[in-house]
Every structure is written in C-alpha cells, then in structure tokens.
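Below are the chains, spelled out letter by letter.
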Amino acid sequence: MQVKKAIFPVAGLGTRFLPATKSSPKEMLPLIDKPLVHYVVEEAIASGIEQVLFVTGRGKRAIEDYFDIAFELEALLHDKGKDAELVQMRKIAEMVKIFYVRQKQAMGLGHAILCGREFVGNEPFAVLLGDDIIDADRPCLSQLLDVYHKYQGTVLALEQVPMENISSYGCVKANQITEEAFEVLDMVEKPKREDAPSNLAIIGRYVLTPDIFPILERQQPGKGGEIQLTDAIRKLLTVDAVYGCRFEGTRHDCGDKFGFLKATVDMALKRGEFNGKFKAFLRQRLCECEETLSVR
Ligand code: G1P
C-alpha cells in the first residue's frame, strides 16, 4: 500500500534553543531563508506524501500562518511588481494538503502520534521530526519507503552516532540484512552509554502502520515521564517485524545550536548565490583563527 499521509509532531517546546524559541516555534527557525519545517515538508512531498498532519500546541500559530495564503503580503508584492516573490509565496500555501490537530498536553512523542489516529485511519503513514534536517540525493523518507515496500513492516531511520552521544537518542539492537536494511531486535529510549546495545541511533523519520495505535493507547509513561514512541515500537516487536534503514545523506540536528550552525554553513556552501563569497569569507576567518593560534 502506498504511503500518502505523514504526521509532523510540532508541539515540542524547543528548550534546547532558548531564548530564540521563547516566543516562536523552533520549526520556524530559518535555515538561510526557509524555516526548518519547510525543508521537512519538501522532503515529504518529494517522497510521495500527499497529506500532512501537524500535531501542534500552544504558541505554534506561526506554522499555520506560514502554510496559509498571506493576502496582505501577496497584495503588497503584487502592487510592487515583485512577481517572483508572489509566485514563491503562493507556492508555499499550495505545497500540500495540510491538517492540524492540537496536542493539548506535552505528553511525549508517542502521545503526539496517537493524536493523529483519526487522520491516519487504516493506512500506513510516515512520521517526520522537524529537528532532523536530512540533506540527501534521494530524500531520506523515500529511502525508508523502499525498505517498507520490500519488507512490509515498520521502518525506522538509523544512523551510527559516536557512543558518547547515544544517550540523546532511541537506540536499537539490530541485525544487518542488506547494505541499508536492518532487522530490529530490541530498542531502548535514550539509554545510558553503558547500557546502549549499539551505536545505532533512531533518527526522526519513521514509517509506521496503524498497529501502533492500540499499543500507544495503553503505553505507560517512560523516559522523562513521557509516552515514548520507542517504547511502543518495542512492544510491537513482540508481534511484528520492525526494520531499520541506514539512510544515505547528511543529517543535521537543527534542534541543537551547534547542529544548526553547522547546517547553516553546509547549506550556504551549497547555495549558488553566495557559494563563492561565502567560501572566501570562511577562508579568511580560518586564516585569522590560525594566525591567532600561532601567536599564542
Ligand atoms: C525523539 C525520539 C528518539 C529519537 C529522536 C531523533 O527524541 O524519542 O527516539 O532518537 O527523536 O531525533 P527527541 O529528540 O524528540 O527527544
């Protein structure tokens, strides 16, 4: 069955990025000139997704406004003859069919997904987390969907991370089946380094089936007192096969200040309009840093 629907849980408070996220959603932080959420919606569309559900919360109205028609702005652009910008604004409002539901309490990722039950109905669906921006030749979600179509089961995006960082992620114990596909044997949410079964971390892309909902409904709070998606998928493992996809591409953790900075530099280096200028700027800064170091 084709996967046409995606859930974007966007109710999180973005505490890793305060104070920027005090009054605006972390999903709206701009990477060069587009908010993070725009990149992730683009990835979903490029992977065949036709309907998106934002699971939102308090203070997230800016996301709704961004994907809506902005009449005043469009009128202004029209009056000023800024046609290219006008077309660009209209395209954003028409990108994909978007639905919204409020997650009334911050009860965790698992709970956010459960809020999408009615939207999903009885179809397989994707989940995309806005913190993870994945720069890839083939969209990361498309790579997961290939694994899904081959094995017909739940698929998680996996990445090998340095062992000292594993406690920031869901972590899996898995058997490698092919170059990119793994069969998941066990999983644990944000383990202590010494308890982690591997350095394979779950990254914010999932292909799930509606079988997860009855489990989520009964799921007790886990790590951090929240209803964890990882714990629910672990339960699913007892009755169903779960797969991992070690995707090709560069993942940027944009919910983190340093990750965001690296993403900005990487993206700027790829953008034709300032590639040359930006490289020259970086080179100059690097030389200055080296000079400072050699003086010391
Ligand atoms: C969530 C998941 C975690 C996963 C991570 C990927 O955690 O609970 O299993 O590894 O996303 O970004 P969060 O970062 O939202 O705390």
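Above this text you will find the structure in question.
The structure contained in this document is the topic of the report that follows. (Residues numbered from 1 in each chain as written. Predicted model: local features only at pLDDT ≥ 70, side-chain atom pairs only at ≥ 80, totals over all residues. Heavy atoms only, no water.)

**A few points about the layout of surface pockets**
The test is simple: A pocket, in this scheme, is an open set of points on a 1 Å grid over the protein atoms alone with protein on both sides within 12 Å along at least 5 of 7 lines, while a cavity is a set where a 1.4 Å probe fits but cannot get out; residues line either one if an atom lies within 4 Å of a point. Grid points are joined across faces, edges and corners, and a volume is the space filled by probe spheres set on the points. Runs of H or I in DSSP of at least four residues are treated as helices and runs of E of at least two as strands, each being numbered from the N terminus.
Taken as a whole, the largest pocket holds about 1,400 Å³ of empty space. If you go around the largest pocket, you meet 48 residues; those closest to its centre are R16, K26, L129, D131 and K190. Counting only elements with at least two residues in the lining of the largest pocket, the list comes to helix 5 (109-114), strand 8 (154-160), strand 11 (200-208), strand 13 (250-253) and helix 10 (257-270).

**Describing the environment of E194**
Inspection of the secondary structure puts E194 in the loop between strand 10 (181-189) and strand 11. E194 sits 179 residues away from T15 along the chain, and the two C-alpha atoms are 26 Å apart.

**Topic: the side chain of S47**
Keep this limit in mind: Classification of residues uses two cut-offs on accessible area relative to the type maximum, computed with a 1.4 Å probe and protein chains only: under 20% is buried, over 50% is exposed, and between them is partly exposed. In protein, a polar contact means a hydrogen-donor-capable atom and an acceptor-capable atom, both N or O and within 3.5 Å, with residues adjacent in sequence counting only if both atoms are side-chain atoms; elsewhere, any N or O pair within 3.5 Å suffices. Contacts were defined at the residue level, with two residues in contact if any of their heavy atoms lie within 4.5 Å.
In this fold, S47 is placed in the loop between helix 1 (36-46) and strand 4 (51-56). Its relative accessible area of 10% is what places S47 among the buried residues. Only 2.7 Å separates the side chain of S47 from the backbone oxygen of E43, close enough to count as a polar contact. The residues contacting S47, other than those within four sequence positions of it, are P139, L141, S142 and L145.

**Thoughts on the packing of helix 3 (residues 71-79) against helix 4 (residues 83-93)**
This is how it is decided: Fitted lines through C-alpha atoms serve as axes, helices being fitted only where they are in contact, and the angles separating the N-to-C directions of these axes extend from 0 to 180 degrees. Note that the term roughly parallel is reserved for angles under 35 degrees, roughly antiparallel for angles over 145, roughly perpendicular for angles of 65 to 115, and oblique for everything else. Crossing handedness is read from the near helix: turned anticlockwise from the far helix by less than a right angle, it gives a left-handed crossing, and turned clockwise, a right-handed one. Think of it as three bins: nonpolar holds Ala, Val, Leu, Ile, Met, Phe, Trp, Tyr, Cys and Pro, charged holds Asp, Glu, Lys and Arg, and polar takes everything else, Gly as well.
Where helix 3 contacts helix 4, the two axes come as close as 8 Å, and the packing angle between them is 160°. Here helix 3 lies roughly antiparallel to helix 4, going by the angle between them. Both helix 3 and helix 4 take part in a crossing whose hand is left-handed. In this structure, helix 3 contributes L73, E74, L77 and H78 to the contact, and helix 4 contributes E85, L86, M89 and R90. Considered class by class, the residues forming the contact of helix 3 with helix 4 number four nonpolar, one polar and three charged.

**Some words on the nonpolar core**
The criterion, for reference: Take the buried residues of types Ala, Val, Leu, Ile, Met, Phe, Trp, Tyr and Cys, join any two whose side-chain atoms come within 4.5 Å, and each joined set is a nonpolar core.
One finds F8, L31 and F54 to be the most contacted residues of the largest nonpolar core, which totals 49 residues. Leave out the neighbours within four places in its chain, and F8 touches V37, V40, V41, A44, V52, L53, F54, V55 and L128. Within the second largest apolar cluster, 31 residues are counted, among which are I7, L53, V184 and F213.

**Thoughts on the pattern of salt bridges**
What counts, and what does not: Salt bridge, as used here, is a side-chain nitrogen of Lys or Arg placed within 4 Å of a carboxyl oxygen of Asp or Glu.
Inspection of every chain in the model, using the stated rule, returns 20 salt bridges. Of the charged contacts in the structure, one is a salt bridge between R90 and E94, with a shortest N-O distance of 3.9 Å. Ionic pairing is found between R251 and D132, a salt bridge with its closest N-O pair at 3.1 Å. Placement of R251 in strand 13 and of D132 in strand 7 (residues 132-135) is noted, with a sequence separation of 119 residues between them. Each member of the pair, R251 together with D132, is buried. Bridged by salt links that share partners, the residues R16, K26, D131 and D253 form one connected network.

**Brief notes about the side chain of E159**
By the element assignment, E159 lies in strand 8. At 2.9 Å, the side chain of E159 forms a polar contact with the side chain of R251.

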